[in-house]
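# Examination of the molecular architecture
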Amino acid sequence: MTDHALLLVNLGSPASTSVADVRSYLNQFLMDPYVIDLPWPVRRLLVSLILIKRPEQSAHAYASIWWDEGSPLVVLSRRLQQQMTSQWTHGPVELAMRYGQPSIESALLKLVAAGHKRITLAPLYPQFADSTTTTVIEEAKRIVREKKLDVQLSVLQPFYDQPEYLDALVASARPHLQQDYDHLLLSFHGLPERHLTKLNPGHRFDGHGDCCAGAPPEVVATCYRGQCLRTAAEFAKRMGIPDGKWSVSFQSRLGKAKWIEPYTEARLDELAKSGVKKILVMCPAFVADCIETLEEIGDRGKEQFREAGGEELVLVPCLNDDPQWAKALAALCERAPLAL
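The following paragraphs examine the structure supplied in this document. This one's a predicted model, so the numbers in the text were calculated from it and none came from an experiment. (Residues numbered from 1 in each chain as written. Predicted model: local features only at pLDDT ≥ 70, side-chain atom pairs only at ≥ 80, totals over all residues. Heavy atoms only, no water.)

### Structural notes on the nonpolar core
If you look at the biggest cluster of nonpolar residues, it comprises 70 residues, and the most contacted ones within it are L8, L177, L184, Y224, F235 and W325. Composition of this core by domain shows at least three residues from each of domain 1 (4-159 + 322-335) and domain 2 (178-315). Setting aside anything within four residues of it in sequence, one finds L177 in contact with L184, F235, M239, I241, L280, M282 and V316. Ranked by size, the runner-up nonpolar core spans 37 residues in total, among them A59, Y99, I119 and L153. (Core = buried A, V, L, I, M, F, W, Y, C linked by side-chain atoms within 4.5 Å. Buried < 20%, exposed > 50% of the residue type's maximum accessible area, 1.4 Å probe, protein only. Domains from an automatic or database assignment. Contact = heavy atoms within 4.5 Å.)

### Some details on the pattern of salt bridges
Applying the stated criterion across every chain yields a total of 20 salt bridges. Where R79 meets E69, a salt bridge forms, and the shortest distance between an N and an O atom there is 3.0 Å. With R79 in helix α3 (residues 72-85) and E69 in the loop between α2 (40-65) and α3, the pair connects residues that are ten residues apart, well separated along the chain. Given the relative accessible area of 33%, R79 is considered partly exposed. Put simply, E94 and K110 hold a salt bridge, and the shortest N to O gap is 3.2 Å. Pair noted here: E94 is in strand β2 (residues 93-99) and K110 is in helix α4 (residues 104-113), with a separation of 16 residues, a long-range link. Classification of E94 as buried rests on a relative accessible area of 15%. Beyond isolated ion pairs, a larger network of salt bridges with shared partners links D32, R98, E105, E139, R142, E146 and K147. (Salt bridge = Lys/Arg side-chain N within 4 Å of Asp/Glu carboxyl O. Helix = DSSP H or I, 4+ residues; strand = E, 2+ residues; numbered from the N terminus.)

### Quick word on the sheet that holds strand β8 (residues 312-315)
With respect to topology, four strands assemble into an open sheet ordered β6-β5-β7-β8, the strand pairing being parallel. The strands lining the two open edges of the sheet, one partner per strand, are β6 (246-251) and β8. Geometrically, the sheet is characterised by an average inter-axis angle of 30° between neighbouring strands, direction not taken into account. In terms of strand pairing, strand β5 (residues 183-189) meets β6 through six bridges, oriented parallel. If you follow L184 over to β6, its bridge partner there is W246. Sheet contacts for helix α6 (residues 163-177): β5 and β7 (278-282); angle to β7, the most-contacted strand, approximately 160°. (Pairing = 2+ DSSP bridges. Axes fitted to C-alpha atoms, helices over the stretch in contact; angles between N-to-C directions.)

### Concerning the packing of α6 against helix α9 (residues 224-239)
Contact geometry for α6 and α9: axes closest at 10 Å, N-to-C directions at 60°. With respect to each other, α6 and α9 are oriented oblique. Helix-helix and strand crossings are classified by hand; for α6 and α9 the assignment is right-handed. The segment α6 lies against α9, with P163, Y165, L166, D167, L169, V170, A173, R174 and L177 engaging T231, E234, F235, R238 and M239. Looking at the contact of α6 with α9 residue by residue, the class counts come to nine nonpolar, one polar and four charged. (Parallel < 35°, antiparallel > 145°, perpendicular 65-115°, else oblique. Left-handed = near helix turned anticlockwise from the far one by under 90°. Nonpolar A, V, L, I, M, F, W, Y, C, P; charged D, E, K, R; others polar.)

### As for the sheet that holds strand β1 (residues 4-12)
Taken in spatial order, the four strands line up as β2-β1-β3-β4 in an open sheet, and their pairing is parallel. The outermost strands of the open sheet, each flanked by one partner alone, are β2 and β4 (152-155). Averaged over neighbouring strand pairs, the angle between their axes works out to 30° when direction is ignored. Relative to β4, strand β3 (residues 118-123) runs parallel, the two sharing four bridges. Residue pairing across strands places I119 opposite L153, the latter belonging to β4. Docked against the sheet, helix α1 (residues 19-30) engages β1 and β2, running at close to 85° with respect to β2.

Structural data, given as structure tokens:
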């Protein structure tokens, strides 16, 4: 038995669809300074106000997509974990969630207690953002430091443009794109624009153009929007989808701050009103289907598109536990550089 373990980390989910569990989850999530990057007193006040009504609304949304086995995101992540056990030959494969259970702390302590002194940490986010990638890495480093764990930690880097990931994305989506359709919308999770500008103060993030065309590597490395555009363009190229038949948008806005554009809600209306009758929607920022794909796009997006004049919206599944994706992920993790 080898001692190089793999720890997969996804976002997380409430323990159940009860309002209390959803409130607890949202509090942990929204109080993360990498998610809402405001001073603690302001963040605490804002989150407290959000938690007055949002948990009940979110609980209803979670209930509409909840599976008998539990949260779709957690169930699908566990299925991927099972797929990875045959792909990762160096040691065990564990699963953790940044928020909720199983926690990163419990997974790391379990692996170290079992004698594993080398762990590859795999944040399951193709594109870089502080609110996803950075918070996972910093939480893992905090646990290693505070618990004085004797462990070498390697970290999977963002893989938005890596051939293994793109090929797996194409293979997974291809059967769904063989049907007739008018337009493919690649809807990525949105971010407040300030999350991007604070990392690259001198870089302009154009609302509708290719904001990172010609930008230096150090800018591209932390430009979430530019990485999303690169993923979309490479996917369309590999699939042979002509310009004009696909576009990019950003979903899941929260609050009144300006988020990166174009917004998915606005794009769905524009496409329906322009005569698009059948639209396919992919969500490549997510590797597992979750509330943002199943409910926000699959339910509410579908209803919005029809109300705007469209006829059919088809949600293309995420990579989930696709075998080629598991193989690709193992190859990507093999190249993860040492962090601690």
